[in-house]
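Descriptive analysis of the structure
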Amino acid sequence: MLALVMLINRAGSMVLPFLGVYMTGHLHFSIENSGIILSFFGIGSVLGSWIGGMITDKIGEYRVQSLSLLLSVPLFCLIPLFKTEVGLAAIILIQSIVSETFRPANSVAITKYAKPENITRAFSLNRMAVNLGFSIGPALGGILSAISYEFLFFSNALAALLAGLMYIRFFGKRNKRTSLKPKKVKEAIAVKKENSPYRDGKFLLYSFFCMLFSICFFQLFSTLTIFYKDTAHLSQQNIGYILGYSGFLIVLLEMGFVQIAEKYFSLAFTLLIGTVLCGISYAMLAFDYSILTLIVSMTLLCIGEIWTLPFISTITALRSGENNKGAYMGMNGISVALAFIITPYVGTMTADKLGFSTLWIATGILSIGIALGFYFVIPWMLKKRVRES
C-alpha cells in the first residue's frame, strides 16, 4: 500500500522534469536564471528533509506523510499564478519544503513495515512505484505541456490529493495500533540520544559522496531535458517519451537486478558499478546525440540508478539505530537535496559558458571518483555488516 500510494503520487509528478523547459520556453527566462530558480527547489528539499527527519522521530511518520501530501495540493495549484523569476522561486521553495518532508517519513515507514531481511527489496518496490509513476507522468506531461502547462500543475495537485486520501484511509488505524508503547520508546531514545547522524563522522563522509553522486545523477531533472530540447532538438512529446521509457525500464528490471546484486555483489561493489554506469551514460552524450545514442544512454542511466539509489537507502538504514531512523534518513535526504541546489545552477552555467559536451565529460569523470569513494567508505562505515567483494 505504501508503494501504491507512492505510485499515485508520482504518476502526477510531471512538473519537475519540465520546469526547466517551462521557464526557458514558456516564461522566456534565461538558461542561467532558470538554473538559479531550480536551485530553490533544492533549498526547499534540504529544509524539507531536515524538518521531515526531525519531526518524524517526534510525531511519527504517519502524520508527517499525511500533512505533506494534503498541503502540497493547494501549493501546486498556485505555481502557475507566479510569472516573475522572484515569485516563481518563492513558491517553488515553499512547495518543495512541504513536499520533501514526505521523503524521510516515507523511508521510515518502509523500515517500519518491511521485514529486516527484505529491506532492500522493500525500498526497491517503493522505487518501482516511483518509476512507474514517473514513466506515466512525464509521458503524459509531454503531451499536456504542448497544450497548456497549467495542466501539469493541476495534475500534480490531483495526484497528491488522491495519494493523501488513500494513505490516510489505509494507514490511519494501523498507525494507532503500532504506537502504543510511549515509555519504552522514550527510554530507547534516551539511550541512543548520543547517536546523532550530524556527529557521525563516517556517515557524514558517506553522505558527502551521496551528495556528489546526486549532483551527477540529477542532471536528469534539470540540464538533460534542456539538452534534449535545445541541442538534440527533440519535441516536448519525445522528451516525455524518453523519460517515460526510463521509468518503464526500471519497473521491468529493478527487482531482478536488485536480487542479482544482493546475491552476487557486496554493497560497496554494487554502488561502484552503478555509479560508473551513470557516469558513462552522461559522458557518451558529449560525442553523439542521435536518437539511438540517447536511448542507449538512458538505458545505462537506468541500470546505474537501479544499482545505486535503493542501496543508498539500505546502507542508511543499516547505519542508523532503532529509534533515530528519521534523523538518519533526514540527514541522507539533506545530502541528496543539496544536489538539487547545486546541480541546476552549476549544470546550466557550465552548459551555457562551456557547452554541454564539457558538462557531460566532467560528469563522467566525477562519477568515477565517486564510485571509488563509495567502494572504500562503505565497508569502513559498516564494518562486519558489509560482505567484502
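Residues numbered from 1 in each chain as written. Predicted model: local features only at pLDDT ≥ 70, side-chain atom pairs only at ≥ 80, totals over all residues. Heavy atoms only, no water.

1. Regarding the nonpolar core
Within soluble globular proteins, side chains that are nonpolar generally end up buried alongside one another. Ranked by internal contacts, the top residues of the largest apolar core, which has 83 residues, are Leu 88, Tyr 206 and Phe 374. Here this core gets 10 residues from one element, more than from any other, and that element is helix H10 (residues 201-217). The next biggest cluster of nonpolar side chains, apart from the first, holds 20 residues, and it includes Tyr 62, Ala 109, Ile 119 and Phe 123. (Core = buried A, V, L, I, M, F, W, Y, C linked by side-chain atoms within 4.5 Å. Buried < 20%, exposed > 50% of the residue type's maximum accessible area, 1.4 Å probe, protein only. Helix = DSSP H or I, 4+ residues; strand = E, 2+ residues; numbered from the N terminus.)

2. Brief notes about a nonpolar patch on the surface
A surface patch of nonpolar side chains, amounting to about 420 Å² of accessible area, comprises Leu 70, Leu 158, Leu 161, Leu 162 and Leu 165. Top element by residues in the nonpolar patch is helix H8 (residues 150-177). It accounts for 4 residues. For Leu 70, the position within the fold is in helix H4 (residues 61-78). Relative accessible area serves as the criterion here: at 34%, Leu 70 is assigned to the partly exposed category. (Patch = residues over 30% accessible without salt bridge, like charges linked within 9 Å, V, L, I, M, F, W, Y side chains within 5 Å. Areas by Shrake-Rupley, 256 points an atom, 1.4 Å probe, with all protein chains shown as cover. Salt bridge = Lys/Arg side-chain N within 4 Å of Asp/Glu carboxyl O.)

3. A few points about the packing of H10 against helix H15 (residues 309-319)
Two elements in contact, H10 and H15, have axes separated by 12 Å at closest approach and are oriented at 165°. Between H10 and H15, the angle falls in the class roughly antiparallel. Handedness of the H10/H15 crossing: left-handed. Between H10 and H15, the contacting residues are Lys 202, Phe 203, Tyr 206, Cys 210, Phe 213 and Phe 217 on the first element and Leu 309, Phe 311, Ile 312, Ile 315, Thr 316 and Arg 319 on the second. Grouping the amino acids of the contact of H10 with H15 by side-chain chemistry returns 9 nonpolar, 1 polar and 2 charged. (Axes fitted to C-alpha atoms, helices over the stretch in contact; angles between N-to-C directions. Parallel < 35°, antiparallel > 145°, perpendicular 65-115°, else oblique. Left-handed = near helix turned anticlockwise from the far one by under 90°. Contact = heavy atoms within 4.5 Å. Nonpolar A, V, L, I, M, F, W, Y, C, P; charged D, E, K, R; others polar.)

4. Structural notes on the packing of aromatic side chains
How two aromatic rings sit relative to each other is given by the distance of their centres and the angle of their planes. Evaluated as defined, the whole model comprises 21 aromatic pairs. Their ring planes at 50° and their centres at 6.4 Å tell us that Phe 227 and Tyr 228 sit as a pair that is tilted. For the pair formed by Phe 227 and Tyr 228, the shared burial category is buried. Pairwise contacts between aromatic rings join Phe 203, Tyr 206, Phe 208, Phe 209, Tyr 328 and Phe 374 into one cluster. (Phe/Tyr/Trp six-rings, centres within 6.5 Å; stacked < 30°, edge-to-face > 60°.)

5. What about the side chain of Thr 101?
Within the fold, Thr 101 resides in the loop between helix H5 (85-100) and helix H6 (102-113). Within the local environment of Thr 101, its side chain forms a polar contact with the side chain of Ser 68, the two groups lying 3.5 Å apart. (Polar contact = N/O pair within 3.5 Å; in protein donor to acceptor, adjacent residues only side chain to side chain.)

6. Here we look at the environment of Gln 259
Checked against the element boundaries, Gln 259 lands in helix H12 (residues 236-264). When the C-alpha atoms of Gln 259 and Ser 124 are compared, they prove to be 10.0 Å apart, with 135 residues separating the residues in sequence.

7. Quick notes on the environment of Ala 105
Mapped onto the elements, Ala 105 comes out in helix H6. Since its relative accessible area comes to 0%, Ala 105 is described here as buried. For Ala 105 and Gly 53, which are 52 residues apart along the polypeptide, the C-alpha to C-alpha distance reads 6.7 Å. Other than its neighbours up to four places away in sequence, Ala 105 contacts Thr 56, Glu 61, Val 64 and Gln 65.

8. Considerations on the packing of H6 against helix H16 (residues 325-354)
H16 packs onto H6 with a crossing angle of 130° between their chain directions and a minimal axis gap of 9 Å. By the angle class used here, H6 and H16 are oblique. Here the hand of the crossing between H6 and H16 comes out right-handed. Here Pro 104, Ser 107, Val 108 and Thr 111 of H6 lie close against H16, whose contacting residues are Lys 325, Gly 326, Met 329 and Gly 330. Looking at the contact of H6 with H16 residue by residue, the classes come out as 3 nonpolar, 4 polar and 1 charged.

9. Here's the deal with the confidence of the model for the protein chain
Looking at the protein chain as a whole, its pLDDT mean stands at 82, while 87% of the residues score no less than 70. Of all the helices and strands in the protein chain, helix H9 (residues 182-191) carries the lowest mean pLDDT, 38, while helix H13 (residues 267-283) carries the highest, 95. Counting contacts from residues 180-194, a segment whose pLDDT is below 50, to residues more than four positions away or on other chains yields 9 contacts. Per-residue pLDDT stays below 50 along residues 384-389; that stretch engages in 14 contacts with residues further than four places along the chain or on separate chains. (pLDDT = per-residue confidence, 0-100.)

10. Some points on the pattern of salt bridges
Tallied over the full model, the rule gives 4 salt bridges. Across the pair Glu 61 and Lys 112 runs a salt bridge whose closest N-O atoms are separated by 3.1 Å. With Glu 61 in helix H4 and Lys 112 in helix H6, this pair connects stretches of sequence that are 51 residues apart. On the basis of relative accessibility, which here comes to 5%, the residue Glu 61 falls in the buried class. Residue Arg 121 pairs with Glu 262 through a salt bridge whose shortest N-O separation is 3.3 Å. Of the two residues, Arg 121 sits in helix H7 (residues 119-147) while Glu 262 sits in helix H12, which places them 141 residues apart along the sequence. Owing to a relative accessible area of 29%, Arg 121 belongs among the partly exposed residues under this scheme.

11. Remarks on the environment of Ser 107
By the element assignment, Ser 107 lies in helix H6. The exposure class of Ser 107 is buried, given its relative accessible area of 14%. Sequence separation between Ser 107 and Ser 313 is 206 residues; the distance between their C-alpha atoms is 7.9 Å. The residues touching Ser 107, leaving out its near neighbours within four places in the chain, are Phe 123 and Met 329.

12. Some points on the side chain of Gln 219
With respect to the helices, strands and loops of the structure, Gln 219 is situated in the loop between H10 and helix H11 (223-230). On the accessibility criterion, Gln 219 (4% relative accessible area) is buried. From its side chain, Gln 219 meets the backbone oxygen of Ile 215 in a polar contact 3.4 Å long. Residues contacting Gln 219, with those up to four places away along its chain left out, are Leu 224, Tyr 282, Thr 343, Gly 347, Leu 359, Trp 360 and Thr 363.

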